[in-house]
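Each chain, letter by letter, is given below.
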Amino acid sequence: MDRQQVLDTFGKSLMTNVRDFVLNQYSDTLDGKMKDEGSKKIYEATQDMDQKLLRELGKELVDSTLHYFLWHLEQEITVALVLEVEGTKLNLAEISDGLPGELYTEDGWIERFSQFGKSQFKG
């Protein structure tokens, strides 16, 4: 498995199991489908708000969180994100040109692996 395949394996998992999961739950909250008290309060509080804008802001917040999480992993010496592939351990920060940058662009993880696409605020 080459460098890009390793990064993409992680990126696809991150987009599917974190970004899309959170944005699906957020969408269900805005749609009134969630039954917990906190979600019900959010649903009631947002009924008179611009729903499209709220969804875009949700994407922006999730993406900023992922960006700074990846940046932290890349910058923090005591933390390493290591994937074991075919018996070889690979440090993702070392094989990437910049982990946060893997999220963006037309061939970044968000565009290729997330069901939600990029935020309208990211150009």
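Residues numbered from 1 in each chain as written. Predicted model: local features only at pLDDT ≥ 70, side-chain atom pairs only at ≥ 80, totals over all residues. Heavy atoms only, no water.

## Some remarks on a nonpolar patch on the surface
A surface patch of nonpolar side chains, about 250 Å² in accessible area, is lined by V18, F21 and V22. Tracing the backbone through its elements, the reader meets V18 in helix α1 (residues 3-30). Residue class for V18 comes out partly exposed when judged on its relative accessible area of 33%. (Patch = residues over 30% accessible without salt bridge, like charges linked within 9 Å, V, L, I, M, F, W, Y side chains within 5 Å. Areas by Shrake-Rupley, 256 points an atom, 1.4 Å probe, with all protein chains shown as cover. Salt bridge = Lys/Arg side-chain N within 4 Å of Asp/Glu carboxyl O. Helix = DSSP H or I, 4+ residues; strand = E, 2+ residues; numbered from the N terminus. Buried < 20%, exposed > 50% of the residue type's maximum accessible area, 1.4 Å probe, protein only.)

## Section: helix α3 (residues 51-75)
With 25 residues, α3 extends 36 Å between its outermost C-alpha atoms, agreeing within 8% with the 36 Å of an ideal straight helix rising 1.5 Å per residue. All of the buried residues in α3 are L54, E56, G58, K59, E60, V62, D63, L66, L70 and L73. On the buried face of α3, the contacting elements are α1, α2 (37-46) and α5 (109-113). Its side-chain oxygen placed 3.0 Å from the backbone nitrogen of K52, D50 serves as the N-cap of α3. (Expected span 1.5 Å × (residues − 1). Contact = heavy atoms within 4.5 Å. Polar contact = N/O pair within 3.5 Å; in protein donor to acceptor, adjacent residues only side chain to side chain.)

## Side note on the nonpolar core
By size, the foremost hydrophobic cluster in this structure holds 17 residues, and its most contacted members are L14, M15, L70, L92, L103 and W109. Mapped by element, the contributors of at least two residues to this core are α1, α3, α4 (92-95) and α5. Sort the elements by how many residues they give to this core and α1 lands first, with 6 residues. Excluding residues within four positions of it along the chain, L14 makes contact with R19, L66, L70 and W109. (Core = buried A, V, L, I, M, F, W, Y, C linked by side-chain atoms within 4.5 Å.)

## Overview of the confidence of the model for the protein
Low-pLDDT portions of the prediction should not be read for the details of their coordinates. Averaged over all residues, the pLDDT of the protein is 92; the fraction at 70 or higher stands at 98%. Per-element confidence in the protein is highest for α2, whose mean pLDDT is 96, and lowest for strand β1 (residues 82-85), whose mean pLDDT is 86. (pLDDT = per-residue confidence, 0-100.)

## Section: the pattern of salt bridges
A complete count under the given rule lists 6 salt bridges for this structure. Residue R112 pairs with D8 through a salt bridge whose shortest N-O separation is 2.7 Å. One end of the pair, R112, is in helix α5; the other, D8, is in helix α1, and 104 residues separate them in sequence. Overall, the relative accessible area of 16% leaves D8 in the buried class. Among the salt bridges present, the one from E56 reaches K59, with a minimum N-O distance of 3.0 Å. Placement of both E56 and K59 in helix α3 is noted, with a separation of 3 residues, approximately one turn of the helix. When sorted by exposure, E56 lands in the same class as K59, which is buried.

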